[in-house]
Structure formats: C-alpha cells, structure tokens
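# Working through the structure, step by step
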Amino acid sequence: MFGNYLIAFPDLCAIKMKKKNLPTIPFSILELAVVNEGNTPADAFSNSLKLAQRAEQLGYNRFWLSEHHNMISVASSATSVLIGYIAGGTSTMRVGSGGIMLPNHSPLAVAEQFGTLESLYPGRIDLGLGRAPGTDQLTAMALRGDFFNNANEFPQNVLKLHTYFSEENNTAKVRAIPGEGLNIPIWILGSGTGSAHLAALLGLPYAFASHFAPAQFEAAIKIYRQNFRPSKYLQKSYVMACVNMIAADTDVEANKLATSLYQMFIGIVTGIRKRLQPPVNDMNTIWNDYEKELIDQMLAISFIGSPDKIEKEMNQFLDRTHTDEIMVISNIYDQKAKIKSYKLFAEAMKGSILVGS
C-alpha cells in the first residue's frame, strides 16, 4: 500500500559518513487483512494473527487495522472486532485502528466499542480516526442508513469522543460505559492538509497515509508541526508516517514481490477489484503507461529492496522528514515472504544507519 521519484533525497556520497546505531524510533505495522487469490477472509484473519504474533516478537510497537468496505481483497471491515481478535492473541504490542472512519459511526458507538477493548486489553488500545468513508459513496450510504454523519462534522465528533472518555462526563445523561474515564489515545489520520490543522489544533498525534497519498505528506506535517498546540493529551507534536515496505534478500526478489502490490493498485485505478494476485515476472504485460504513471505517483513513498537498500533509503527519509515513528505495510502474496519482509525491516531498524558526521 510505493517508486521513489517524488522524494528528493540528499546525495550521501558528497559528505563524510559514519556508522551509528539507529535511534529509538518506534516502528509499527498497518494491516488490512488482505485476502489472497484462492483464499477466504477466514484465511486472511488467521494470517493477520500469525503476523501480529511474530511482529510482537520482532519488537514492533503497534499493529493497526484499517476500516474498508465493499472491497473483495480487504477483510478488515468490522475493524473493532478484528482489533479484539488480534489483541487477544498477543500480549504486549499496542493494537488499534488505522483507522476507524468516523463518518460511518456514531461517536457513542465508537466510544463503547473502544472502551470495551481497552477494558479487555488495558494499556494496549489505540483509536486512530479518519474522516473519509473508506469505501464508495453508495456503500457509505448503505452503512449509515438513515444516519448520515457528514465529514464536515468530523472535528465535533472527535471532541464528542473525548467527552465520552472523560471522567467529567459521569453526570451526563448520555455516557459511554465502558469507556468513561479510560485512557484511550486518539490519533488523527490524514491523507491531505486539512487533517493536519485539526490534529495541531487539538494537540493530538498525527498519522499520515503516505502509503497511498504521498503528494501532500511533507506539506501536511509542516502545517501540523508549525501549528501544534500542546494539550493534556500530548505536549509535543508527534508524526507517524505510514509507508509501503517490501524487503527481501535481494533487490530483484523484492521487486518481484512488489508486483502483487502493483496489481492491487491497478484495481484501485481501474475500479476492477480482485483478490491479491501472485507476483509476476513482467508488469508490462499487465498495466499500460497511464496506469503505471498513476500507480507510481500513488506509491511514491515506498521502500522496496534488500535490507541494505531499505536501510539506506529509510535513513534518508528520516533525515528529511524527522518522522517520529514509522508504520509500514507489506502487501505480499506469500505469507512466509510477508513475515520475512517484516523481519528484515525490523532488523534494519535495529541495526546501524548512515548519518552525516
């Protein structure tokens, strides 16, 4: 869920370099419970749990699941249910939503669901909120029925969630039980600059979907940091960038694995959705020039290759953006190769990086 030509990295060869251990930058996972060709949603859920359990062993900080609807390749539609499944099968890693699409739900229902999750798995639940429907408009209307929560009401509904979670709400006529008085971190998710203003105004952590909407990433995080107001939730701005990552032993192998990702995005561009397809040897037999150009733009912030290549490019990205946390997504067809990709990335993040002297 990325070609790197939209990001101009500095020329590392022009400066003296030295090795230094990577700073304690948390790294996390975004998971969609992707359904492979020939598999079922039940298979996807089982694979997601196995991935989460391995990720916990590898030192990943968070494991977030994203709300999508009416997509044959994505099974994470009942996001809060799946969060409970993953949290119940792990023990230390934070589990949350990346995100809950708030226009699809009443704030009270979200507060109750996440209050339940936090009560079951205390200190481990994150609530990431998005203002898009996570689907097409027809499906969005079917989800909402007579209830239509306009995206323009997103800021007010975020504030309602804070109210439901507060201890001060214990005298209100409408209360979230469970949920009231619980410390459930709320994140604002974004794929454009509008959400950056809101996250800054409310003093909340900000997660950007640069894995499919990279064009405004740098502008958005600049707005967020410049306008951030400290709050009781967060004293200093905090940016998490979600990026595509596919790691393998060699660049050639990683590039082939990435062809499943490219085929997935052809479905997004054309509207012809399929389950995640096996990798192919030559994408030129599948996409045309127009599709390739659009997909290159959407996947511009991607880290695809051997551990050395990913380590070098990740260092350049962090040096350029000063991102506080990295969230990666690996849409890989083969489950063993997918788990290995996350293992190689974790090793790269824990290893040494190049920095200017």
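Given the structure is predicted, the values throughout are model-derived calculations rather than measurements.

Conventions we followed
Residues numbered from 1 in each chain as written. Predicted model: local features only at pLDDT ≥ 70, side-chain atom pairs only at ≥ 80, totals over all residues. Heavy atoms only, no water. Salt bridge = Lys/Arg side-chain N within 4 Å of Asp/Glu carboxyl O. Helix = DSSP H or I, 4+ residues; strand = E, 2+ residues; numbered from the N terminus. Buried < 20%, exposed > 50% of the residue type's maximum accessible area, 1.4 Å probe, protein only. 1 Å grid on protein atoms, 1.4 Å probe; cavity = no way out; pocket = protein on both sides within 12 Å on 5 of 7 lines; lining within 4 Å. Points joined across faces, edges and corners; volume = space filled by probe spheres on them. Nonpolar A, V, L, I, M, F, W, Y, C, P; charged D, E, K, R; others polar. Axes fitted to C-alpha atoms, helices over the stretch in contact; angles between N-to-C directions. Parallel < 35°, antiparallel > 145°, perpendicular 65-115°, else oblique. Left-handed = near helix turned anticlockwise from the far one by under 90°. Contact = heavy atoms within 4.5 Å.

Evaluated as defined, the whole model comprises ten salt bridges. Residue Arg62 pairs with Glu325 through a salt bridge whose shortest N-O separation is 3.0 Å. A residue pair is termed long-range when its members are at least 10 positions apart, and Arg62 in strand S3 (residues 62–65) and Glu325 in strand S10 (residues 325–329) qualify at 263 residues. An identical accessibility class is assigned to Arg62 and Glu325; each is buried. Here the salt bridges do not stand alone but share partners, grouping Arg62, Arg94, Asp126 and Glu325 into one network.

A few words now on empty space enclosed by the protein. In this structure, the largest cavity spans a volume of roughly 80 Å³. Every residue along the wall of the largest cavity is listed here: Glu31, Ala33, Val34, Asn36, Asn39, Ala44, Asn47, Ser48, Ile332, Tyr333, Gln335 and Lys338. For the lining of the largest cavity, the secondary-structure elements that each account for two or more residues are helix H1 (41–58) and helix H11 (335–350). Within the lining of the largest cavity, the residues separate by chemical class into five nonpolar, five polar and two charged.

The omega torsion across Gly98 and Gly99 is 5°, close enough to zero to call that bond cis. Counting through the fold element by element, Gly99 comes out in strand S4 (residues 94–101). A cis amide bond links Ile177 with the next residue in sequence, Pro178, at an omega value of 0°. With respect to the secondary-structure elements, Pro178 resides in the loop between helix H5 (154–165) and strand S6 (186–190). Despite not being glycine, Asn70 shows a phi value in the positive range, around 60°. For Asn70, the location among the structural elements is in the loop between S3 and helix H2 (79–88).

With respect to the secondary-structure elements, Pro155 resides in helix H5. On the basis of relative accessible area, Pro155 is assigned to the partly exposed category, the value being 26%.

Next up on the list: the packing of H1 against H2. Axis separation between H1 and H2 bottoms out at 9 Å; the angle between their running directions is 45°. Considering the angle they form, H1 stands oblique to H2. Considering how the two elements wind past one another, H1 and H2 form a crossing that is right-handed. Of H2, the residues touching H1 (which contributes Phe45, Ser46, Ser48, Leu49 and Ala52) are Leu82, Tyr85 and Ile86.

Purely geometric stuff here, so don't read any function into it on its own.
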